[in-house]
Number of protein chains: 2
Amino acid sequence: MLSRAINRVISSIKPSSITRMSSATAPAAPVAAAKAPKASKKSKLQVSLKTPKGTKDWADTDMIIREAIFSTLSSLFKKHGGVTIDTPVFELREILAGKYGEDSKLIYNLEDQGGELCSLRYDLTVPFARYAAMNNIQNIKRYHIAKVYRRDQPAMTKGRMREFYQCDFDVAGNFESMVPDSECLSVLVEGLTSLGIRDFKIKLNHRKILDGIFQICGVKDEDVRKISSAVDKLDKSPWEAVKKEMTEEKGQSEETADKIGGYVKLNGSLKEIHTILSQDANIISNEKAKQGLDDIATLMKYAEAFNIDSFISFDLSLARGLDYYTGLIYEAVTSASAPPKNASELKKKAKSVEDASEFVGVGSIAAGGRYDNLINMFSEASGKKSIQIPCVGISFGVERIFSLIKQRMNSSTVIKPTATQVFVMAFGGGKDWTGYLPERMKVTKQLWDAGIEAEYVYKAKANPRKQFDAAEKAGCHIAVILGKEEYLDGKLRVKRLGQEFADDDGELVSAADIVTIVQEKLSDIHEDGLNEVTRLIRGL
Amino acid sequence: MLSRAINRVISSIKPSSITRMSSATAPAAPVAAAKAPKASKKSKLQVSLKTPKGTKDWADTDMIIREAIFSTLSSLFKKHGGVTIDTPVFELREILAGKYGEDSKLIYNLEDQGGELCSLRYDLTVPFARYAAMNNIQNIKRYHIAKVYRRDQPAMTKGRMREFYQCDFDVAGNFESMVPDSECLSVLVEGLTSLGIRDFKIKLNHRKILDGIFQICGVKDEDVRKISSAVDKLDKSPWEAVKKEMTEEKGQSEETADKIGGYVKLNGSLKEIHTILSQDANIISNEKAKQGLDDIATLMKYAEAFNIDSFISFDLSLARGLDYYTGLIYEAVTSASAPPKNASELKKKAKSVEDASEFVGVGSIAAGGRYDNLINMFSEASGKKSIQIPCVGISFGVERIFSLIKQRMNSSTVIKPTATQVFVMAFGGGKDWTGYLPERMKVTKQLWDAGIEAEYVYKAKANPRKQFDAAEKAGCHIAVILGKEEYLDGKLRVKRLGQEFADDDGELVSAADIVTIVQEKLSDIHEDGLNEVTRLIRGL
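Residues numbered from 1 in each chain as written. Chains lettered and ligands numbered in written order. Predicted model: local features only at pLDDT ≥ 70, side-chain atom pairs only at ≥ 80, totals over all residues. Heavy atoms only, no water.

1. Thoughts on the packing of helix α8 (residues 224-231) of chain A against helix α9 (residues 239-249) of chain A
Residue and element names in this part refer to chain A.
Turning to step 1, where the next piece is worked out: Their axes nearest at 9 Å, the elements α8 and α9 cross at an angle of 160°. As the angle between them shows, α8 and α9 are arranged roughly antiparallel. Handedness of the crossing formed by α8 with α9: right-handed. On α9, the residues that touch Ile227, Ala230 and Val231 of α8 are Val242, Glu245 and Met246. (Axes fitted to C-alpha atoms, helices over the stretch in contact; angles between N-to-C directions. Helix = DSSP H or I, 4+ residues; strand = E, 2+ residues; numbered from the N terminus. Parallel < 35°, antiparallel > 145°, perpendicular 65-115°, else oblique. Left-handed = near helix turned anticlockwise from the far one by under 90°. Contact = heavy atoms within 4.5 Å.)

2. A look at the domain arrangement of chain A
Residue and element names in this part refer to chain A.
Turning to step 1, where the next piece is worked out: Annotation of chain A at the domain level lists domain 1 (60-408) and domain 2 (422-538).
Turning to step 2, where the next piece is worked out: Taking only C-alpha atoms, the centre of domain 1 and the centre of domain 2 are 51 Å apart.
Turning to step 3, where the next piece is worked out: If you look at the interface, domain 1 gives eleven residues, while domain 2 gives four residues.
Turning to step 4, where the next piece is worked out: Buried surface at the junction of domain 1 and domain 2, both sides included, amounts to about 580 Å², of which 70% is carbon and sulfur.
Turning to step 5, where the next piece is worked out: Linking domain 1 with domain 2 are zero salt bridges, by the criterion used here. (Domains from an automatic or database assignment. Buried area = accessible area lost by both parts, 1.4 Å probe. Salt bridge = Lys/Arg side-chain N within 4 Å of Asp/Glu carboxyl O.)

3. Quick notes on the environment of Ile387 of chain B
All names here are of chain B.
Turning to step 1, where the next piece is worked out: Tracing the sequence through the fold places Ile387 in the loop between α15 (374-381) and β11 (391-397).
Turning to step 2, where the next piece is worked out: A relative accessible area of 32% places Ile387 in the partly exposed class.
Turning to step 3, where the next piece is worked out: Sequence separation between Ile387 and Gln467 is 80 residues, and the spatial gap between their C-alpha atoms is 66 Å.
Turning to step 4, where the next piece is worked out: Discounting chain neighbours no more than four positions away, the residues touching Ile387 are Gln138 and Asn376. (Buried < 20%, exposed > 50% of the residue type's maximum accessible area, 1.4 Å probe, protein only.)

4. Notes on the interface of chain A and chain B
Turning to step 1, where the next piece is worked out: Every contact between the two is made by 111 residues of chain A and, on the other side, 110 residues of chain B.
Turning to step 2, where the next piece is worked out: Summing both partners gives a buried area of about 9,700 Å² for chain A against chain B, and 58% of it is carried by carbon and sulfur.
Turning to step 3, where the next piece is worked out: Taken together, chain A and chain B are joined by twelve salt bridges.
Turning to step 4, where the next piece is worked out: A salt bridge links Glu111 of chain A to Arg93 of chain B, with the shortest nitrogen-to-oxygen separation between them at 3.7 Å.
Turning to step 5, where the next piece is worked out: Linking chain A with chain B are 48 residue pairs in polar contact (both at pLDDT 80 or more).
Turning to step 6, where the next piece is worked out: For the side of chain A that touches chain B, the element with the most residues is helix α17 (residues 437-449) of chain A, which contributes seven residues.
Turning to step 7, where the next piece is worked out: A per-class count over the side of chain A that touches chain B returns 52 nonpolar, 23 polar and 36 charged. (Polar contact = N/O pair within 3.5 Å; in protein donor to acceptor, adjacent residues only side chain to side chain. Nonpolar A, V, L, I, M, F, W, Y, C, P; charged D, E, K, R; others polar.)

5. Brief notes about the pattern of salt bridges
Pairs can form between side chains of opposite charge once their charged atoms are near each other.
Turning to step 1, where the next piece is worked out: Throughout the structure, instances matching the rule amount to 50 salt bridges over all chains.
Turning to step 2, where the next piece is worked out: A salt bridge links Lys147 of chain B to Asp86 of chain A; the shortest N-O distance between them is 2.9 Å. With Lys147 of chain B in strand β4 (residues 140-149) and Asp86 of chain A in the loop between β1 (83-84) and β2 (90-92), this residue pair bridges two chains. The same class applies to Lys147 of chain B as to Asp86 of chain A, namely buried.

6. Notes on the side chain of Asp62 of chain B
Residues and elements named next belong to chain B.
Turning to step 1, where the next piece is worked out: By the element assignment, Asp62 lies in helix α3 (residues 60-79).
Turning to step 2, where the next piece is worked out: Judged by relative accessible area, which is 14%, Asp62 ranks as buried.
Turning to step 3, where the next piece is worked out: In this view, Asp62 contacts Phe402 and Lys406; residues no more than four positions away in its chain are not counted.

7. A look at unusual backbone geometry
All names here are of chain A.
Turning to step 1, where the next piece is worked out: At Asn307, a position not held by glycine, the phi torsion is positive, near 60°.
Turning to step 2, where the next piece is worked out: Counting through the fold element by element, Asn307 comes out in the loop between α13 (287-305) and β8 (312-315).
Turning to step 3, where the next piece is worked out: Residue Asn307 is classed as exposed on the basis of its relative accessible area of 56%.
Turning to step 4, where the next piece is worked out: Phi is positive for Tyr436, close to 55°, though the residue is something other than glycine.
Turning to step 5, where the next piece is worked out: Within the secondary structure layout, Tyr436 lies in the loop between β12 (422-427) and α17.

8. As for helix α5 (residues 125-134) of chain B
Residue and element names in this part refer to chain B.
Turning to step 1, where the next piece is worked out: The buried count for α5 comes to nine of ten residues, which makes it a mostly enclosed element.
Turning to step 2, where the next piece is worked out: All of the buried residues in α5 are Thr125, Val126, Pro127, Phe128, Ala129, Arg130, Tyr131, Ala132 and Ala133.
Turning to step 3, where the next piece is worked out: Among the residues trailing α5, Asn136 stands out with phi positive, at a value near 50°.

9. Topic: helix α9 (residues 239-249) of chain B
Residue and element names in this part refer to chain B.
Turning to step 1, where the next piece is worked out: Every buried residue of α9 is listed here: Trp239, Val242, Lys243, Glu245, Met246 and Thr247.
Turning to step 2, where the next piece is worked out: Looking at the buried positions of α9, the neighbouring elements they touch are α8 (224-231) and α10 (254-264).
Turning to step 3, where the next piece is worked out: Gly251, located one to two residues past α9, shows a positive phi value of around 65°.

10. Focus: the nonpolar core
Turning to step 1, where the next piece is worked out: Core analysis: the largest hydrophobic core is formed by 109 residues, its most contacted members being Val422 of chain A together with Ile69, Leu185, Leu188, Leu204, Tyr330 and Phe396 of chain B.
Turning to step 2, where the next piece is worked out: Sort the elements by how many residues they give to this core and α3 of chain B lands first, with eight residues.
Turning to step 3, where the next piece is worked out: Setting aside anything within four residues of it in sequence, one finds Val422 of chain A in contact with Leu447, Ile452, Glu453, Ala454, Glu455, Cys476, Ile478, Val480, Val518 and Leu522 of chain A.
Turning to step 4, where the next piece is worked out: Ranked by size, the runner-up nonpolar core spans 108 residues in total, among them Tyr143, Ile197 and Ala319 of chain A together with Val494 of chain B. (Core = buried A, V, L, I, M, F, W, Y, C linked by side-chain atoms within 4.5 Å.)

11. Here's the deal with the relation of the copies chain A and chain B
Turning to step 1, where the next piece is worked out: Each copy superposes on the other: chain A lies on chain B with an RMSD of 0.0 Å after a rotation of 180° and an axial shift of 0.0 Å. The relationship between the two copies is best expressed as a two-fold rotation axis.
Turning to step 2, where the next piece is worked out: An overlap of 99% is found between the interface residues of chain A and their copies at the interface of chain B, pointing to a shared contact surface. (Least-squares fit on C-alpha atoms with pLDDT ≥ 70 in both.)

12. Here we look at the sheet that holds strand β16 (residues 507-510) of chain A
Residues and elements named next belong to chain A.
Turning to step 1, where the next piece is worked out: Judged by pairing direction, the sheet is mixed, and its five strands sit side by side in the order β13-β12-β14-β15-β16 without closing on themselves. The open sheet terminates on both sides in strands that have one partner only, identified here as β13 (454-456) and β16. Within the sheet, the average angular offset between the axes of one strand and its neighbour, ignoring direction, is 30°.
Turning to step 2, where the next piece is worked out: Of the pairings in the sheet, the one linking β12 to strand β14 (residues 478-483) comprises six bridges and is parallel in character. Bridge assignment links Ala426 to a residue of β14, and that residue is Leu482.
Turning to step 3, where the next piece is worked out: The sheet strands contacting α17 are β12, β13, β14 and β15 (491-496), and the helix crosses β13 at an angle near 170°.
Turning to step 4, where the next piece is worked out: Sitting on the sheet, helix α18 (residues 464-473) touches β12, β14 and β15, and the angle it makes with β12 is about 180°. (Pairing = 2+ DSSP bridges.)

Right under this line is the structure:
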């Protein structure tokens, strides 16, 4: 690629060094093969070179994308006045107990090695509530970007992992009804759009309306949670299957199930569903449902102020599994969220269920809701004075969003894993040619000290082509070249890299000015604006 | 604080709204008490509100400092051409087995809940080697900032935790001798100085020299590791105690111990110690020691090129515990690294040893070395073709560095936990006064959409003082004020906040221009330059 540039630069350097160099240039081997061929496995394996089931390594370019997602979301959370905290990866086991309903079986425990019994955190919400209760926090807007752990069936390519990141923003404190809730919904919309996801909708429901409906339809209080979890399956299963679960497995009458069906099939804009429910005498006369409906009316005003109402679908089938929700609940879905049409067929065909990627969808890409009792549950259980600190939050599923962003990549997307801007090289030859390694180090160190990303080849003597290849591999913009004679004269050659500069010999400058000159050149280059990662993340 | 400003702003707003407001302003209560008084503990505790032993939560301002440290170090690693990777928090147990010598007992295991046996990672080096072997990586400069886990005796205020961050930079690949090693040492110096730590020295030694010395002094090969671990205690114990351990516990003769003593007491500049050892016939004729000494001679050239030689103390007592080191080893220490003078007395007095903070020092704040066989150990054990991929690295102990940086803080250090720049307020009054909540939301949303950090009070009607208090608490620079009448005229008031602007009424601007005007004002403010966190981190 750069051969023309190399030849031209070489020819502009003092002749004494050239003769030996051009022969050294001839082989033109790549600096180092990126991957060696896989050796065939021997019979006596001792260690499996793999990560545990449901976990994965993140390689360099994937990390660039992941960090760009994190930085987009943390800027968003900061924009809304969020502060960030961090909690340990594991909690005392008793802290997590009884918070996750049926899913508690998915919690990872640490081995009892003496001392306290601990478990890996299952989400960031329970540790946050523990933190708030422990520190007597009255109000906070906090965000937390960290890994959580669930012994679930993994679907790796769909972003369903056993170790995965959550990016949470929560508002705790006694505030005007539905104000923080609306802000969380706005954060959700702003977050997804800033990540280039625009074809999403927010399914939204209210636990109090749902509970009211169950009462109206004749579900006993003790059955509410299990009927709720049946309803929650409506995004994956047809009504008939859910009805069957309610009547045959969960002991409800045909009449109750049909009544529930009449409600939970409803979905539409906030206004549409609010109008329907407001005209329903049963709803209006049920205290819980009425409270929920009033909240929705308030929310409508604020959603309009934030201009997010068009994203919201009021969907009475949304129930969400977690025990701790008490009010508004919501989740964002895209077309990739649903499982493939022939999912059950694929599932039957699948020989192993080690990875469910083939027959599941990406699922919701962000979700949250209101949980008003979690903090004071901790305060009470620890013997502190109980003060209710209501909370509402939103959690972004980064792994799932990551898998959507990766799908945007095509053969022309080039993500540069390093930040290197400048490559420091030496050209010379002859019997007395040392390769200028300490000299290259000295020049590179000057650039580092000025905050400039710079590399050089870790070799005493390297031929020009290998140095240019290494520079190209690192995606450098500028070469600083120590010519054998030129360097002795106190001069360095500065050359732009890249195909379009193939004919450019660069310029010879005073070694004393190198930092200033490189800084100027780099600031010109960076005026180009958006880089490839930003474009990818924003879906441009 | 801001009362003059409030009164002046109020008096500049249309009179109709004033009468009711000033009485509402009177109580001047703070927005919300930050902490409620602790309730006395009841007898029937059910849950302990605490983090597991040796772990801690990170609160908002501590997180600001921690993130500034991370960002300083990751910029540094990027400057040196590093790419970043991430690995799971737990690994298959067999991956960690046999890598940490005596310290293997400190590994946290996950409970056997069916499936694979896993353990939490003990460092980032072994997972890195597993990653490199698994992916047949021939060369890489990688950095990794992540949590590691050790069931050690904690010393919380000294930054010795059971869960703590490591910031690692490692160079893998077959390169010119001592070149990546010197670069790691330069990274160490650049890293600590950029974090405002200048009074450190790098203790440096070479495993081959140490092994050669043990051979020369008559230590049997099978005893080398345990004698090495005795020598490593010389930074905490006097020679007499170490000698006693060698002779009485570890079966060495008096003569052997004395010979060892003659060597390991040596320390000085690279040049001094290199000169002494080069004149020692026993050293020169020992193959291993000679190899190590040649490495040191090479290192001297490069350390001079990087201008880091003055930081290095060649110290033959440095041994370092980990099994996998094969060449150069080093650690950075400051005056805070050593335990207090009366440590053993304090230790005796201590009633509980739950926390060893009182009688330990901060220890080394960064450490590393060369480990040439770890990657191919994994390749071989997994049955792959074995190719030696030599490695060298440096690991920064962020928690310890954090504790040093915290000591710089004094009563005048104010770290702002939020990024909020603008507070959107509404002033009005009268029977028909709504409080302009949806209107405030609309204006705030405009600012968010332009990337500006903005907040408003989550209350339908809030009096001016409470809004100013909240703005002050969030450390905002600018208030955008919706006056009852002014807003109806399409106008907003923009006012600088802070004591020095107490007399400034701000200016009335067209609501349509609000984003541009706020952006201009903010860019003026930000020309101030360095913020408080940057000053703290750099020790300015």
